[in-house]
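Structure at a glance
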Amino acid sequence: MLRPLYNWILARAARKDAVWWMAGVSFAESSFFPLPPDIMLVPMCLAQPKKLWRYTNLCAFASLIGGAFGYALGYFLFESVGRMVIDLYNAQDSFERFQDMFALYGPWFLILKGVTPIPYKLLTITAGFAKLDFTIFMLCSVVARFSRFYMIAILLHFYGPQVQEIIEKRLMLVTTVLLVIVIGGLLSFKLV
């Protein structure tokens, strides 16, 4: 079911207005859309490597705005719209687990999960529903979303086209490995 939508979005990456499509997909993915903006970000960065950082920043910024919209859905409109989005993705169990994790770990949970390619919309709606402080939500989202898209950009910058297939097929593994490296580096500074 998602394959035709994936192909349709991928085709937008080759258009002259691709930047706006990518920003729209990035916004929508953070609040209700099923597919991540990586579908467009990766081929666009490979086609125009000099614009890699511009595209990455725009993608992350649009994701932040979409995250704020997702937060509003959870905070103000959960019963009418937020629940519908959760039900549409059959994510009731994830939603309940995320609520428990927010209660236990608060902002740290948002940062760690916001870096991974799990559906960010679940985090944003849950954070709004859990009434996580909006300023903290946005600060954590800045760290999480820019980290996530910068990891992809760094891989593309250094490894180019050969990494596209790896990112598309094993995005969760790539993200997890990079996350472990970043966390390990931060912990090593703390221990010194």
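Residues numbered from 1 in each chain as written. Predicted model: local features only at pLDDT ≥ 70, side-chain atom pairs only at ≥ 80, totals over all residues. Heavy atoms only, no water.

With respect to the packing of helix H5 (residues 78–88) against helix H8 (residues 120–129)
Between H5 and H8, the least distance of the axes is 10 Å, while the angle of their chain directions is 150°. It follows from the interaxial angle that H5 and H8 lie roughly antiparallel. Of the two elements, H5 crosses H8, and the hand of that crossing is left-handed. On H8, the residues that touch Phe78, Gly82, Val85 and Ile86 of H5 are Lys121, Leu122, Ile125 and Phe129. (Axes fitted to C-alpha atoms, helices over the stretch in contact; angles between N-to-C directions. Helix = DSSP H or I, 4+ residues; strand = E, 2+ residues; numbered from the N terminus. Parallel < 35°, antiparallel > 145°, perpendicular 65-115°, else oblique. Left-handed = near helix turned anticlockwise from the far one by under 90°. Contact = heavy atoms within 4.5 Å.)

What about the nonpolar core?
Grouped together as the largest cluster of nonpolar side chains are 26 residues, with contacts concentrated most on Ile9, Met22, Met40, Leu41, Met44, Tyr55 and Leu156. Of all the elements in the fold, those that place two or more residues in this core are helix H1 (2–12), helix H2 (18–29), helix H3 (38–47), helix H4 (52–76) and helix H9 (134–159). Among the elements that line this core, the one with the most residues is H3, at 6 residues. Those residues within four positions of leucine 41 in sequence are excluded, and the remaining contacts are Met22, Tyr55, Thr56, Cys59, Phe149 and Ile152. Counting residues in each nonpolar core, the second largest holds 21 residues, with Leu73, Val85, Leu123 and Leu132 among its members. (Core = buried A, V, L, I, M, F, W, Y, C linked by side-chain atoms within 4.5 Å. Buried < 20%, exposed > 50% of the residue type's maximum accessible area, 1.4 Å probe, protein only.)

A few points about the environment of leucine 122
Residue placement: leucine 122 occurs in helix H8. The spacing of leucine 122 and serine 31 is 91 residues in sequence and 7.8 Å in space, taken between C-alpha atoms. Every residue in contact with leucine 122, bar those within four places of it in the chain, is listed here: Ile86, Ala91, Ser94 and Phe98.

Things to note about a nonpolar patch on the surface
Residues Trp53, Ile154, Phe158 and Tyr159 make up a contiguous nonpolar surface patch of roughly 440 Å² in combined accessible area. The element that contributes the greatest number of residues to the nonpolar patch is H9, accounting for 3 residues. Residue position: isoleucine 154 is located in helix H9. (Patch = residues over 30% accessible without salt bridge, like charges linked within 9 Å, V, L, I, M, F, W, Y side chains within 5 Å. Areas by Shrake-Rupley, 256 points an atom, 1.4 Å probe, with all protein chains shown as cover. Salt bridge = Lys/Arg side-chain N within 4 Å of Asp/Glu carboxyl O.)

What to know about the side chain of arginine 145
Position of arginine 145 among the secondary structure elements: in helix H9. Among the polar contacts made by the side chain of arginine 145, one reaches the side chain of glutamate 29 at a distance of 3.3 Å. Polar side-chain contacts of arginine 145 include one of 2.9 Å to the side chain of serine 63. (Polar contact = N/O pair within 3.5 Å; in protein donor to acceptor, adjacent residues only side chain to side chain.)

Quick look at the packing of H8 against H9
Close contact between H8 and H9 brings their axes to 12 Å; oriented N to C, the two are set at 170°. Comparing their axes, H9 and H8 come out roughly antiparallel. For the pair formed by H8 and H9, the contact residues are Tyr120, Thr124 and Ala127 on the first element and Phe137, Ser141 and Arg145 on the second.

Topic: the packing of aromatic side chains
Evaluation of the coordinates by the stated rule reveals 14 aromatic pairs. Note on phenylalanine 27 and phenylalanine 69: the rings are 5.7 Å apart at their centroids and 35° apart in plane angle, and the pair reads as tilted. Of the two residues, phenylalanine 27 sits in helix H2 while phenylalanine 69 sits in helix H4, which places them 42 residues apart along the sequence. Between tryptophan 53 and tyrosine 150, the ring centres sit 5.4 Å apart and the planes meet at 50°, which makes this aromatic pair tilted. Linking tryptophan 53 in helix H4 with tyrosine 150 in helix H9, this pair joins segments that are 97 residues apart in sequence. A cation over a ring is seen here: arginine 12 above tryptophan 21, with NZ or CZ 5.5 Å from the ring centre. A cation over an aromatic ring shows up here: lysine 131 above the ring of tyrosine 75, its NZ or CZ 4.5 Å from the ring centre. (Phe/Tyr/Trp six-rings, centres within 6.5 Å; stacked < 30°, edge-to-face > 60°. Lys NZ or Arg CZ within 6 Å of the ring centre and 35° of its normal.)

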